[in-house]
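# Observations on chain architecture
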Amino acid sequence: MRTMNPSETISVDWLCRELEADGRLSSSQAADALLRLSGTRSKAHPLTRLGLLNLPRADAPGSLLDSECLGEWLAGKCGLRFHHIDPLKVDIPKVTSVCSYAYASRARILPLEITADKVVVAVSEPSNRDWEAELSRIAGKAVERVMADPEDIERYLVEFYALARSVKASETEQRQRQTGLQNLEHLTELGKRGSLEANDRHIVAIVDWLLQYAFEQRASDIHMEPRRESGNVRLRIDGVLHPVYQMPPKVMAAVTSRLKILARMDLAEKRRPQDGRVKTRSPDGQEIELRLSTMPTSFGEKLVLRIFDPSELLQNFANLGLSARQTLNWEELTSQPHGIVLVTGPTGSGKTTTLYSTLRHLASPEVNICTIEDPIELIEPRFNQMQVNAALDVDFSGGIRTLLRQDPDIIMVGEIRDRETAEVAIQAALTGHLVLSSLHTNDAADAITRLQDLGIPAYLLRATMLGVLAQRLARRLCPHCKQSTEPDPDEWLALAGDKLPMPKRLMTSPGCLECRATGFLGRLGLFELLPMDTSIRHAIRDQMEAEELRQLARAQGLAGLREAGIQKVLAGETLAAEILRITPRT
């Protein structure tokens with residue numbers, strides 16, 4: 001492959017000519033591409049315009065010359081490394097301080113990383129190096145050029161600098177306001193009207209960017225964490241937190257205030273925890289609901305926004321990850337006319353999704369489904385939903401008593417937290433209602449002993465318990481870069497012990513653009529279903545140990561969470577290390 005001459009300018013003609021010379025395009029393909037693009041007027045980069053045609057490669061049947069393939073090819077011709085821009089790995093305040101937006105836009109470059117001795121800069125015009133010496137002098141470091149998708153450079157150039165500009169402008173305006181506070185009367189007036197900074201146009205821009213960015217990155221939570229020197233913004237993606245941005249404490253306080261206003265929370269109250277909710281839309285127009293929770297900390301209010309996508313909360317049982325046998329057993333349990341069914345697991349293990357999906361499966365015009373939740377995670381028109389409200393003395397136990405007077409067939413209790421709630425839920429099951437609820441325990445057997453710890457006697461558990469579903473969420477291997485590999489013997493031994501022979505091959509994911517080089521894309525459920533059959537029911541007694549119940553269930557063929565995880569590993573859906581990380585040792 002011929003190396004690109006520094007004086008050569010990239011154009012559609014030049015690209016087609018070089019691709020033909022390198023055997024990537026046939027002469028007829030090159031001529032056809034030139035004909036198709038010659039009549040179009042576009043300001044897009046020639047590489048982007050050609051990539052949109054998705055021409056088949058002449059030298060590799062079945063492959064296409066998309067933007068990524070063309071970018072890697074051009075990087076090779078220029079002697080540069082091709083770089084996929086991952087915005088989560090870019091320190092936006094730091095890189096935008098290297099040069100101005102006008103300078104970067106004019107040169108069509110984007111600073112991506114600053115180390116002790118160099119600045120890494122993405123370029124879309126490899127032949128243009130007029131800026132390089134000047135940027136090296138300004139930064140006081142060497143410049144390393146990398147090739148990136150021109151479309152990504154244009155997009156992130158606007159986003160990064162717009163966000164950095166909004167943060168800086170907000171901080172500047174806030175300093176000016178504080179300098180202008182001349183007297184107590186002015187200060188008092190500001191206090192009456194609330195935080196002016198929260199409605200500042202720059203703060204509004206930051207909040208809009210943050211929400212849209214979180215939706216694009218498939219985040220389940222946004223964490224706003226105030227610190228002494230700067231506030232941290234982190235996103236939880238596939239169960240793991242990723243740092244996104246750092247902003248001055250006063251700007252973060254204004255952003256927090258803006259979000260509290262949107263959620264109709266008490267702006268002046270900063271000493272007590274608060275909850276709220278916001279309805280908005282994702283970039284593709286889908287309605288998204290956000291649940292906000294504040295917590296007072298040493299350096300201000302910490303704010304967490306949990307993102308609820310209705311399409312994620314309402315799934316069929318196969319998509320949840322239940323096996324065919326577990327699905328049949330679960331449907332049988334939840335179709336009983338009365339009794340109590342529990343879903344257990346730690347926070348963030350998917351209990352809410354399982355409960356909502358189950359209730360949606362059970363909902364019909366002949367059934368009255370009532371719920372008591374804290375808070376209501378998702379408004380579902382087929383349910384009658386009530387929210388816990390401590391200010392009005394509406395708690396779980398009182399809420400269940402209210403629901404019992406509403407002629408319900410099925411009751412869903414968001415969570416059993418205390419003895420009173422547990423007792424009322426058990427009484428509801430005894431009086432002819434099907435009760436579904438969640439509980440925080442490690443596995444299914446622990447749920448029985450947990451209820452006993454809350455004061456529920458064994459005879460009531462034997463009379464009402466139908467079954468317990470314990471669950472976890474494991475990160476799913478990226479289907480775009482998944483490949484076969486030899487298993488790690490120590491890892492397999494830690495996972496399966498001597499129960500199963502080590503397989504010859506397992507799947508792994510090295511990481512790609514689709515999964516942001518993490519190797520994971522999405523999550524899947526692991527389930528342990530303990531139905532209360534005759535032997536299990538008779539074994540329940542006061543002061544019993546969870547291990548005794550666990551061993552009895554294992555003897556009857558119950559597959560635990562670890563065993564469910566092993567099956568997912570063998571099926572090539574996740575890693576052994578991931579199952580070891582999230583499941584309790586059995």
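Now for a quick tour of the structure.

Analysis parameters
Residues numbered from 1 in each chain as written. Predicted model: local features only at pLDDT ≥ 70, side-chain atom pairs only at ≥ 80, totals over all residues. Heavy atoms only, no water. Helix = DSSP H or I, 4+ residues; strand = E, 2+ residues; numbered from the N terminus. Contact = heavy atoms within 4.5 Å. Areas by Shrake-Rupley, 256 points an atom, 1.4 Å probe, with all protein chains shown as cover. Lys, Arg positive; Asp, Glu negative; His and termini not counted. Charge placed at Lys NZ, Arg CZ, Asp CG, Glu CD. Core = buried A, V, L, I, M, F, W, Y, C linked by side-chain atoms within 4.5 Å. Buried < 20%, exposed > 50% of the residue type's maximum accessible area, 1.4 Å probe, protein only. Salt bridge = Lys/Arg side-chain N within 4 Å of Asp/Glu carboxyl O. Pairing = 2+ DSSP bridges. Axes fitted to C-alpha atoms, helices over the stretch in contact; angles between N-to-C directions. Expected span 1.5 Å × (residues − 1). Phe/Tyr/Trp six-rings, centres within 6.5 Å; stacked < 30°, edge-to-face > 60°.

## As for the overall build of the chain
Each helix and strand in the chain was counted, giving 24 helices and 21 strands. For the chain, restricting intrachain contacts to residue pairs at least 6 apart in sequence, the fraction spanning at least 24 positions comes to 63%. In the form shown here, the chain has an accessible surface area of approximately 28,100 Å², with 49% of it arising from carbon and sulfur atoms. The centroid of the 72 positive side-chain charges in the chain is displaced by 3 Å from the centroid of its 78 negative side-chain charges.

## Topic: the nonpolar core
In a soluble, globular protein the nonpolar side chains are often hidden away together inside. Judged by nonpolar contacts, the single largest core of 88 residues is most densely connected at Leu 50, Leu 110 and Ile 222. In terms of residue count, the dominant contributor to this core is helix α10 (residues 201-216) (nine residues). Residues Ile 448, Ile 456, Leu 526 and Val 569 belong to the second largest nonpolar core, which totals 54 residues.

## Some details on the pattern of salt bridges
Counting across every chain of the model gives 36 salt bridges. Here the salt bridges do not stand alone but share partners, grouping Asp 443, Asp 446, Glu 547 and Arg 550 into one network.

## Focus: the sheet that holds strand β3 (residues 81-82)
The sheet built from four strands is open, its strands ordered β3-β6-β5-β4 with mixed pairing. Every interior strand has two partners, whereas the edge strands, β3 and β4 (109-114), have only one. One ladder, built from two bridges, connects β3 with strand β6 (residues 142-147); its direction is parallel. Within β6, the residue paired with Phe 82 across the bridge is Met 147.

## What to know about the sheet that holds strand β11 (residues 287-297)
Pairing is antiparallel across the open sheet formed by six strands, whose spatial order is β9-β8-β7-β12-β11-β10. The outermost strands of the open sheet, each flanked by one partner alone, are β9 (240-247) and β10 (274-281). With strand direction ignored, the average angle separating the axes of adjacent strands in the sheet is 20°. Sheet topology places strand β8 (residues 231-237) next to β9; seven bridges connect them, and they run antiparallel. Across the sheet, residue Leu 235 finds its bridge partner in β9, namely His 242. Where α10 meets the sheet, its contacts fall on β7 (219-225), β8, β9, β10, β11 and β12 (300-308), and the angle it forms with β7 comes to roughly 145°. Contacting β7, β8, β9, β10, β11 and β12, helix α11 (residues 249-262) runs over the sheet at an angle of about 50° to β12.

## Things to note about α11
With 14 residues, α11 should cover 20 Å at 1.5 Å per step; its first-to-last C-alpha distance of 20 Å lies within 8% of that length. Arg 264 sits one or two residues past α11 and shows a positive phi near 55°.

## Notes on the environment of Met 507
Its place among the elements puts Met 507 in strand β20 (residues 506-508). Placed 90 residues apart in sequence, Met 507 and Arg 417 show a C-alpha to C-alpha distance of 40 Å. When sequence neighbours within four positions are dropped, the list of residues in contact with Met 507 reads Leu 477, Lys 482, Gln 483, Ser 484, Thr 485, Gly 572 and Leu 575.

## Notes on the side chain of Glu 269
For Glu 269, the position within the fold is in the loop between α11 and β10. Residue Glu 269 is classed as buried on the basis of its relative accessible area of 14%. Residue contacts for Glu 269: discarding those within four places in its chain leaves Lys 260, Gln 274 and Glu 301.

## Some thoughts on unusual backbone geometry
Of note, Asn 54 is a non-glycine position whose phi angle comes to about 50°, a positive value. Considering the arrangement of structural elements, one finds Asn 54 in the loop between α3 (46-51) and β1 (55-56). Its identity as a non-glycine residue notwithstanding, Arg 218 has a phi of 65°, on the positive side. Structurally, the position occupied by Arg 218 is in the loop between α10 and β7.

## Quick look at the packing of aromatic side chains
Going through the model one piece at a time under the given rule, you end up with five aromatic pairs. With 5.3 Å between their ring centres and 25° between their planes, Tyr 156 and Phe 160 make a pair best called stacked. One end of the pair is Tyr 156 and the other is Phe 160, both in helix α8 (residues 150-179) and four residues apart, which spans about a single turn. Note on Tyr 156: relative accessible area 6%, which makes it buried. Consider the rings of Tyr 356 and Phe 383, whose centres lie 6.2 Å apart with planes at 45°: the pair is tilted. In this pair, Tyr 356 is assigned in helix α15 (residues 351-362) and Phe 383 in the loop between β14 (369-373) and β15 (384-387), connecting sequence segments 27 residues apart.

## Things to note about the pairing of strand β13 (residues 339-344)
Here β13 lies mainly inside the structure; six of its six residues are buried. On β13, burial covers both faces: Gly 339, Val 341 and Val 343 on one face and Ile 340, Leu 342 and Thr 344 on the other are all buried. With six bridges joining them, β13 and strand β17 (residues 434-439) adopt parallel strand pairing. Each bridged residue has a counterpart across the sheet, and for Val 343 the counterpart in β17 is Ser 438.

## A few points about the environment of Trp 209
Along the chain, Trp 209 turns up in helix α10. Residue classification places Trp 209 among the buried positions, given a relative accessible area of 15%. Remark: the alpha-carbon pair of Trp 209 and Gly 71, spanning 138 residues in sequence, is separated by 28 Å. Among all residues touching Trp 209, those that are not within four sequence positions of it are Ile 92, Glu 159, Leu 163 and Val 244.

## Here's the deal with the environment of Val 394
Relative to the helices and strands, Val 394 is located in the loop between β15 and α16 (396-404). Of the residues examined, Val 394 reaches a relative accessible area of 24% and is grouped as partly exposed. Put simply, Val 394 and Ile 372 are 22 residues apart on the chain and 9.7 Å apart in space, counted from C-alpha to C-alpha. Not counting chain neighbours up to four residues away, the residues in contact with Val 394 comprise Gln 387, Val 388 and Asn 389.

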